[in-house]
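So the chains spell out like this:
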Amino acid sequence: MDGHAIGKGYVLKHTTHRQYTSVESINSLNPGDSYESVIQRLGEPDSESVTGSGDMAATSALYLTSKKGAAVNLMFTGGQLQSKNQTTTK
């Protein structure tokens, strides 16, 4: 906005029993799914980063899928799912 970078990020601190997101749930997502529908289906991500604003905003949402550190990063632009990438948090 006005030539300035805008960004925010967070990591959820789980103080109770951690529940991992199932790979089946992740696999059921399709490109073009809205950010809101993904959050309704999967719940809040374990971490999230947002850069930009408006139609140019990009959101990266990370969901842990196993206690060994496996995770899936979901990338949204314009509020729509663009990609799913497996990663590890270790």
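Everything below is about the structure shown above.
Here's a quick rundown of the structure. Everything quoted here is computed from the prediction, not taken from an experiment. (Residues numbered from 1 in each chain as written. Predicted model: local features only at pLDDT ≥ 70, side-chain atom pairs only at ≥ 80, totals over all residues. Heavy atoms only, no water.)

1. What to know about the environment of Gly78
As for its position among the elements, Gly78 is in the loop between strand S4 (70–77) and strand S5 (80–88). In the structure, Gly78 is positioned 19 residues away from Thr59 in sequence and 8.7 Å away in space, judged by C-alpha atoms. Not counting residues within four places of it along the chain, the set of residues in contact with Gly78 comprises Asp55 and Ala57. (Helix = DSSP H or I, 4+ residues; strand = E, 2+ residues; numbered from the N terminus. Contact = heavy atoms within 4.5 Å.)

2. Side note on the side chain of Asp46
Along the polypeptide, Asp46 turns up in the loop between helix H2 (35–42) and strand S2 (47–51). A distance of 2.8 Å separates the side chain of Asp46 from the backbone nitrogen of Leu64, its partner in a polar contact. (Polar contact = N/O pair within 3.5 Å; in protein donor to acceptor, adjacent residues only side chain to side chain.)

3. Here's the deal with the side chain of Thr59
For Thr59, the location among the structural elements is in strand S3 (residues 58–64). Since its relative accessible area comes to 13%, Thr59 is described here as buried. Discounting chain neighbours no more than four positions away, the residues touching Thr59 are Tyr35, Glu48, Ser49, Val50, Leu74, Met75 and Phe76. (Buried < 20%, exposed > 50% of the residue type's maximum accessible area, 1.4 Å probe, protein only.)

4. Thoughts on the pairing of S5
In the sheet, S4 pairs with S5 via eight bridges, with the strands oriented antiparallel. Residue Met75 lies in a different strand from S5, and its bridge partner there is Ser83. The hairpin formed by S4 and S5 contains two residues between the paired strands, and Gly78 there has a positive phi angle of roughly 60°. (Pairing = 2+ DSSP bridges.)

5. Remarks on the pattern of salt bridges
Under the definition given, this model contains one salt bridge. Between Arg41 and Asp33 there is a salt bridge, and its shortest N-O distance comes to 3.4 Å. (Salt bridge = Lys/Arg side-chain N within 4 Å of Asp/Glu carboxyl O.)

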